[in-house]
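# A closer look at the structure
Here are the chains, one letter per residue:
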Amino acid sequence: MTKTIFNECIDIVKELVGHDFLYFDSAIEVKVTPHSFPFNAWAVCASPDDKLFVMDSGEQWHQVELTDDNAALVFGSLYQRLKLMRISYAKAS
């Protein structure tokens, strides 16, 4: 089965921190649904049941509610940041 961007984001978060919170040095703009307004996310986490959550600047957590078809359009910046963090963590270990 081919992995989607959404599934790969969950896998990267689990690989880097398990089910803990993964904080960013600088915020990234995300949307949690295709019709919601974008906001700055400062952290991300993956739940044990493979749900993805992002934290806004007010430290409120929002579940990412996307279908795999629109995931790339809605949170491509999150995917790119996680891929870079995976590479950076691999180099540091």
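Further up the page is the structure itself.
Position numbers for residues start from 1 in each chain and track the written sequence from start to end. A pLDDT threshold of at least 70 governs which residues receive local features in this predicted model, and a stricter bar of 80 or more applies before side-chain atom pairs are shown or counted, although totals over entire chains, interfaces and linings include all residues. Side-chain figures throughout are based on the complete set of non-hydrogen atoms in the structure, without hydrogens or water.

The backbone of Asp 50 shows a phi angle near 60°, a positive value even though the residue is not glycine. Assignment of secondary structure puts Asp 50 in the loop between β2 (39–46) and β3 (52–55). Of note, Glu 59 is a non-glycine position whose phi angle comes to about 60°, a positive value. Helix and strand assignments come from DSSP, with helices taken as H or I runs of at least 4 residues and strands as E runs of at least 2, each series counted from the N terminus. Note on placement: Glu 59 falls in the loop between β3 and β4 (61–63). Only protein chains enter the calculation, and the probe is 1.4 Å; a residue is then buried if its accessible area is under 20% of its type maximum, exposed if over 50%, and partly exposed in between. Owing to a relative accessible area of 58%, Glu 59 belongs among the exposed residues under this scheme.

All right, on to the nonpolar core then. Val 44, Leu 52, Val 54, Leu 78 and Leu 82 are the most contacted members of the largest nonpolar core, which totals 23 residues. When contributions to this core are tallied by element, the ones reaching two or more residues are α1 (5–17), β1 (22–30), β2, β3 and α2 (71–92). The leading source of residues in this core is α1, at 6 residues. Residues are treated as being in contact if the distance between any of their heavy atoms lies within 4.5 Å. Discounting chain neighbours no more than four positions away, the residues touching Leu 52 are Phe 6, Cys 9, Ile 10, Val 13, Val 44, Cys 45, Ala 46, His 62, Gln 63, Val 64, Phe 75 and Leu 78. Each nonpolar core is a collection of buried residues, namely Ala, Val, Leu, Ile, Met, Phe, Trp, Tyr and Cys, held together in the definition by side-chain atoms within 4.5 Å.

Topologically, Phe 37 is positioned in the loop between β1 and β2. With sequence-adjacent residues up to four places away left out, Phe 37 is seen in contact with Val 30 and Lys 31.

Looking at where Glu 65 falls in the secondary structure, it is placed in the loop between β4 and α2. For the pair Glu 65 and Lys 51, spaced 14 residues apart in sequence, the C-alpha to C-alpha distance is 8.5 Å. Setting aside anything within four residues of it in sequence, one finds Glu 65 in contact with Val 32, Thr 33 and Pro 34.

Salt bridges are counted wherever a side-chain nitrogen of Lys or Arg sits within 4 Å of a carboxyl oxygen of Asp or Glu. The full count for this structure, using the stated rule, is 5 salt bridges. Between Glu 8 and Arg 86 there is a salt bridge, with the nearest N and O atoms lying 3.7 Å from each other. Of this pair, Glu 8 sits in helix α1 while Arg 86 is found in helix α2, placing the two residues 78 residues apart along the sequence. Residue Glu 8 is classed as buried on the basis of its relative accessible area of 18%. Note on Arg 86: relative accessible area 23%, which makes it partly exposed. By sharing partners, the salt bridges in this structure join Glu 8, Glu 15, Lys 83 and Arg 86 into a single network.

Keep in mind these values describe shape, not function.
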